[in-house]
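# Reading the structure
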Amino acid sequence: VLFAQGEGSRKPVFRELLALALPLTGMRLVSSLMQTVNATLIPARLQLFGLSAAEAMASLGVFHGMLKPILFMPSFITCSLSMAAAPELTKRQTDGQPLCTLSTRMILASLAIGAAASAGVWLFAPLIGNFFFRQLLPLLRGSCALIPIIATTHVCGGIMNALGLQSASLKISLASGLLGVLTVQFLVPVICLWGAVVSLGAVQGLTLLLSLLVLRRSGCIARSR
């Protein structure tokens, strides 16, 4: 279709595509960069806490290979929810229809799903810890409250992408990524692997807060009276 159009009509289309693609690419790059930085930084800061190099790498494996997948697992439901609702949100925005009701229902549904998953992880944490690694038990029970935040953050990101707010998402990714690096830098040498857990919570919490503010300003969330 693009090549069938004239040169003059193609340029605006390419500009629109770039405006959509560049923020999304930037978010992916920021995410990959932050993961690389944390994978290098966390073991180094754990050694400052007093762990050996082998213990630090083992703790990093527990955090990235066991804890985070469990905390992020319920998000596959909420991500599917946001993907399913994205076309309807885009259609309503194009037609000038209200967005508040649908987006609010999506956010509440993600909170409910996350809360149920959080309760399930807390209850089954001893079984999960015994199956994988006993060190995982206190980390699981201490961090399962992050599951509703993570799930809702993913839904808010899906809503923002559906409404063409990718530039705002990129800025939020940059801010939360910087916060993640700073919290790992200062907390891990003091409270060991819990510093990485607190850093994850800070990143997800800031991302959710800023996303909700953007959606509120965009009229997707009702303002409190």
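This section reports on the structure supplied with the text.

Calculation criteria
- Residues numbered from 1 in each chain as written.
- Predicted model: local features only at pLDDT ≥ 70, side-chain atom pairs only at ≥ 80, totals over all residues.
- Heavy atoms only, no water.
- Phe/Tyr/Trp six-rings, centres within 6.5 Å; stacked < 30°, edge-to-face > 60°.
- Lys NZ or Arg CZ within 6 Å of the ring centre and 35° of its normal.
- Helix = DSSP H or I, 4+ residues; strand = E, 2+ residues; numbered from the N terminus.
- Salt bridge = Lys/Arg side-chain N within 4 Å of Asp/Glu carboxyl O.
- Buried < 20%, exposed > 50% of the residue type's maximum accessible area, 1.4 Å probe, protein only.
- Patch = residues over 30% accessible without salt bridge, like charges linked within 9 Å, V, L, I, M, F, W, Y side chains within 5 Å.
- Areas by Shrake-Rupley, 256 points an atom, 1.4 Å probe, with all protein chains shown as cover.
- Expected span 1.5 Å × (residues − 1).
- Core = buried A, V, L, I, M, F, W, Y, C linked by side-chain atoms within 4.5 Å.
- Contact = heavy atoms within 4.5 Å.
- Polar contact = N/O pair within 3.5 Å; in protein donor to acceptor, adjacent residues only side chain to side chain.
- Axes fitted to C-alpha atoms, helices over the stretch in contact; angles between N-to-C directions.
- Parallel < 35°, antiparallel > 145°, perpendicular 65-115°, else oblique.
- Left-handed = near helix turned anticlockwise from the far one by under 90°.
- Nonpolar A, V, L, I, M, F, W, Y, C, P; charged D, E, K, R; others polar.

Considering all chains together, one arrives at 0 aromatic pairs under this definition. Directly above the ring of Trp-122 sits Arg-141, whose terminal nitrogen or CZ lies 4.0 Å from the centroid.

Bringing the environment of Phe-76 into the picture now. Looking at the secondary structure, you find Phe-76 in helix α3 (residues 75-95). For the pair formed by Phe-76 and His-154, sequence separation is 78 residues and the distance between their alpha carbons is 9.2 Å.

This part is about the pattern of salt bridges. A complete count under the given rule lists 1 salt bridge for this structure. One salt bridge in this structure joins Arg-92 and Glu-88, with 2.9 Å as the shortest N-O distance. Placement of both Arg-92 and Glu-88 in helix α3 is noted, with a separation of 4 residues, approximately one turn of the helix. Its relative accessible area of 21% is what places Arg-92 among the partly exposed residues.

Moving on to a nonpolar patch on the surface. Together, Trp-122, Leu-123, Phe-124 and Leu-127 make up a nonpolar patch on the protein surface, roughly 470 Å² of accessible area in all. Take Leu-123: it is sitting in helix α4 (residues 100-131).

A few words now on helix α6 (residues 146-162). Taking 1.5 Å per residue as the helical rise, α6 with its 17 residues ought to reach 24 Å, and the 25 Å between its terminal C-alpha atoms agrees with that figure. Counting buried positions along α6 yields 13 of 17 residues, so the element is predominantly enclosed. Of the residues trailing α6, Gly-164 is marked for its positive phi of about 75 degrees.

We now examine the environment of Ala-115. As for its placement among the helices and strands, Ala-115 is situated in helix α4. Classification of Ala-115 by relative accessible area gives partly exposed; the value is 40%. Spatially, the C-alpha atoms of Ala-115 and Ile-149 are 9.0 Å apart, while their sequence positions differ by 34 residues.

Right, let's talk about the nonpolar core for a bit. Residues Ile-42, Leu-46, Phe-63, Leu-67, Leu-136, Leu-140 and Leu-193 are the most contacted members of the largest nonpolar core, which totals 29 residues. It is helix α2 (residues 53-72) that provides the largest number of residues to this core, a total of 7 residues. Look past the residues within four positions of Leu-136 in its chain and what remains in contact with it is Val-62, Met-66, Leu-67, Ile-70, Ile-128 and Gly-129. Judged by nonpolar contacts, the second largest core, of 20 residues, contains Ala-85, Val-155, Cys-156 and Met-160.

Its place among the elements puts Ser-82 in helix α3. Of the polar contacts made by the side chain of Ser-82, one reaches the backbone oxygen of Cys-79; its length is 2.8 Å. Excluding residues that lie within four positions of it along the chain, Ser-82 makes contacts with Met-106, His-154, Val-155 and Gly-158.

Bringing the packing of α2 against helix α5 (residues 136-143) into the picture now. Where α2 meets α5, the axes come as close as 11 Å, and the angle between the chain directions of the two elements is 40 degrees. In terms of orientation, α2 and α5 fall into the oblique class. Handedness of the α2/α5 crossing: right-handed. Across the interface between the two elements, Val-62, Met-66, Leu-67, Ile-70 and Leu-71 of α2 pack against Leu-136, Leu-139, Leu-140 and Ser-143 of α5. Of the residues belonging to the contact of α2 with α5, the class tally is 8 nonpolar, 1 polar and no charged.

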